[in-house]
Amino acid sequence: MQTDPADAALDAVLARLNTALGNKEIDAVAGLFQDECYWRDLVLFSWNLRTLEGRDQIREMLTQQLSQVEPVRFTRDEREAVSDEGGLLQAWLHIDTNLARGYGHIRVKDGKIWTLLTTMSELKGHEEPSGTRRPKGAEHGHHRDRQTWLEKREQEAAELGYQTQPYVLIIGGGQGGIALGARLRQLDVPTIIIEKNERAGDSWRKRYKSLCLHDPVWYDHLPYIPFPENWPVFAPKDKVGDWLEMYTKVMELNYWTSSVCQSARYDEQKKEWEVTVLRDGKPVVLRPKQLVLATGMSGKPNIPRFPGQDEFQGEQQHSSQHPGPDAYRGKNVVVIGANNSAHDICAALWEGGANVTMVQRSSTHIVRSDTLMDIGLGGLYSEQALANGMTTRKADLTFASLPYKIMAQFQIPLYDQMRERDAEFYGKLEKAGFMLDWGDDGSGLFMKYLRRGSGYYIDVGACDLIIDGSIKLQSGTDVSHLAREAVVLKNGVTLPADLVVYATGYGSMNGWAADLISPEVADKVGKCWGLGSDTTKDPGPWEGEQRNMWKPTQQEGLWFHGGNLHQSRHYSQYLSLQLKARQVGLPVQVYGVQEVHHKR
């Protein structure tokens, strides 16, 4: 049987890699990589999320970590074809180390490795009970005092946090906390999720009534239970809330509703947290070993300070507090901001009969939803992608295989296509006075999201209302002050106002740590989110991965988990494996703990 040339070429590279690793010839391993090269490791080698850029960084990581993970073996996943496009070989890999099994992706140019992705899939001896390992459920045979499944669940729920302690405490019961809780449940890690609302999913239900997902269904699945095939492409908020509530029940999560974390303190001697929680109005002290803040990637609401806010006689709300348009028919509303929430709220207010003005203080990146789905996401997350064999897992890993350092260069051509396709639309927006941008380097929405988590709107209709003047626009100016019944802008315009909505974004997640633990701990771990790209709102130096997200921080036992539904699904796997390894006492040696360059 003749061997495919691409298969043979790829296998030869892996053979050299395995030989060099087996002989501990670290210089030889580094020599197998291109001069410009990237190795992105998600936990498997580094017990961290790290991207190694260049041979020197690869050499340094292996010098510290190889003895901790050997023996190591890379093998090609023979179920997936090796692709050869213009001499660029790409393949999927199985990876085996002493403690774990992993999966990865490789790109090879001219016989040398350009990009390598290595991810931890499972810990040996601590595999999830799925497939052939799935639990039996029924207990055949006979014995007295047998407990039913329900009785066991009720006993666990009654005792955990009181007679027994959770190993992990997750603060925040939105999509991030729920996804991580499900992963930890499958790994048999005792976990409690704290949620301030009365029901799971309320963090969605209580937002403005027009809110819906702007990301498509294929991008938004939770672990283990994908949305059904008849689920809408863009789910309304209450439908998402009901799904999350259902999910917490069927995944058997210990989910404490109507519970508020009042304070947390780390005991350095006992190596555990002391966390005071008010549950249904009664204080409970929990002592977890690991504390995860899953309070939302965006952190605390950012409310700007303007002169006259105390004198203003109308209502003032942050966008996260806005209930919807029902009470504002015929009222004058000023929305400060011009990103996703601002557009959604303005459109809903206009539909509800309000007289609404958007104040755009700085430029915004706009991309039309249909265009983004087609050009930006279609190859990985769409019905066509599924038909082409692109599973959710494979799509997630494909996206993860592109190091952040070079991701922008792959994004720029896509956004150039979008700009060309919708040129007439953008011309109308600019004619209406709207200030547009495409990111500092033209790389568009995804890079803006990864770098700063703000500055864009996925257009689902509000832009047409700006173009035709239904939503009034004041752009290129800021607020001077608030009067008793108006917002006065720096350009001299006075806007009568019964309501001011601050759609002005959020601060860093470590702001929650400042409130719950202490400002000192918040500054110790530093800012969350951003890559250090030295672009707007993402100051350098370059860090290569999201700051402090899903990985060890400078504060022992403190973790941050957040992001959109895609990130909650994907990165919860790597965070759960890090927590499981610590629970069972595996020899975890972290390479390159996050340095702190920016505090908040």
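Figured I'd write up the structure that's included with this text. The structure displayed is predicted, hence computed values, not measured ones.

1. Considerations on the sheet that holds strand β21 (residues 479–482)
Here is step 1 of the chain: Judged by pairing direction, the sheet is antiparallel, and its 3 strands sit side by side in the order β21-β22-β23 without closing on themselves. A strand with exactly one partner marks an edge of an open sheet, and here the two such strands are β21 and β23 (494–496). With strand direction ignored, the average angle separating the axes of adjacent strands in the sheet is 25°.
Here is step 2 of the chain: In this sheet, strand β22 (residues 486–489) lies alongside β21 in antiparallel orientation, the contact comprising 3 bridges. By the bridge assignment for β22, Val479 is matched with Leu489.

2. Details of the pattern of salt bridges
Here is step 1 of the chain: The final tally for this structure, using the stated rule, is 38 salt bridges.
Here is step 2 of the chain: For Arg205, the salt bridge is made with Asp202, and the minimal N-O distance between the two is 2.9 Å. Separated by 3 residues within a single helix, Arg205 and Asp202 lie in helix α6 (residues 202–205), roughly one turn from each other. The burial state of Arg205 is the same as that of Asp202; both residues are buried.
Here is step 3 of the chain: Ionic contacts of the salt-bridge type, sharing partners, join the residues Arg199, Asp202, Arg205, Asp242 and Glu245 into one network.

3. Concerning the sheet that holds strand β11 (residues 259–267)
Consider a sheet: its strands pair through backbone hydrogen bonds, and that pairing is either parallel or antiparallel.
Here is step 1 of the chain: What the 3 strands build is an open sheet, ordered β11-β12-β13; its pairing is antiparallel. At either end of the open sheet lies a strand with only one pairing partner, and these are β11 and β13 (282–286). Across this sheet, the average inter-strand angle for adjacent strands is 15°, counted without regard to direction.
Here is step 2 of the chain: Both β11 and strand β12 (residues 272–279) contribute to a ladder of 8 bridges, which runs antiparallel. If you follow Asp267 over to β12, its bridge partner there is Glu272.

4. Looking at helix α18 (residues 565–583)
Since the α-helix advances by 3.6 residues per turn, residues separated by three or four positions end up pointing in the same direction.
Here is step 1 of the chain: Helix length check: α18, at 19 residues, gives a terminal C-alpha distance of 26 Å against a target of 27 Å (1.5 Å per residue), a fit within 8%.
Here is step 2 of the chain: In terms of burial, α18 is largely enclosed, as 16 of its 19 residues are buried.
Here is step 3 of the chain: Two to three positions downstream of the cap, the backbone nitrogen of His566 sits 3.2 Å from a side-chain oxygen, assigning the N-cap of α18 to Asn564.
Here is step 4 of the chain: Two residues or fewer past α18, Gly585 is found with a positive phi of approximately 75°.

5. Looking at the pairing of strand β24 (residues 499–502)
Here is step 1 of the chain: The two faces of β24 match: Leu499 and Val501 on one face and Val500 and Tyr502 on the other face are all buried.
Here is step 2 of the chain: One ladder, built from 4 bridges, connects strand β15 (residues 315–318) with β24; its direction is parallel. Across the sheet, the residue bridging to Gln316 is Val500, located in β24.
Here is step 3 of the chain: Judged from the 4 bridges that link them, strand β16 (residues 332–336) and β24 form a sheet pairing that is parallel. What sits directly across from Val334, in β24, is Val500.

6. Re the environment of Gly314
Here is step 1 of the chain: Here Gly314 is to be found in the loop between β14 (290–293) and β15.
Here is step 2 of the chain: A sequence separation of 184 residues divides Gly314 from Asp498, and the C-alpha atoms of the two residues are 4.7 Å apart.
Here is step 3 of the chain: The residues touching Gly314, leaving out its near neighbours within four places in the chain, are Arg484 and Asp498.

7. Remarks on the packing of helix α5 (residues 175–186) against helix α7 (residues 237–250)
Here is step 1 of the chain: Running from amino to carboxyl end, α5 crosses α7 at an angle of 25°, the nearest separation of the two axes being 10 Å. Considered as vectors, α5 and α7 are oriented roughly parallel to each other. Considering how the two elements wind past one another, α5 and α7 form a crossing that is left-handed. Contacts from Gln175, Ile178 and Ala182 of α5 reach α7 at Leu244, Tyr247 and Thr248.
Here is step 2 of the chain: Within the contact of α5 with α7, the residues separate by chemical class into 4 nonpolar, 2 polar and no charged.

Calculation rules
Residues numbered from 1 in each chain as written. Predicted model: local features only at pLDDT ≥ 70, side-chain atom pairs only at ≥ 80, totals over all residues. Heavy atoms only, no water. Pairing = 2+ DSSP bridges. Helix = DSSP H or I, 4+ residues; strand = E, 2+ residues; numbered from the N terminus. Axes fitted to C-alpha atoms, helices over the stretch in contact; angles between N-to-C directions. Salt bridge = Lys/Arg side-chain N within 4 Å of Asp/Glu carboxyl O. Buried < 20%, exposed > 50% of the residue type's maximum accessible area, 1.4 Å probe, protein only. Expected span 1.5 Å × (residues − 1). Polar contact = N/O pair within 3.5 Å; in protein donor to acceptor, adjacent residues only side chain to side chain. Contact = heavy atoms within 4.5 Å. Parallel < 35°, antiparallel > 145°, perpendicular 65-115°, else oblique. Left-handed = near helix turned anticlockwise from the far one by under 90°. Nonpolar A, V, L, I, M, F, W, Y, C, P; charged D, E, K, R; others polar.

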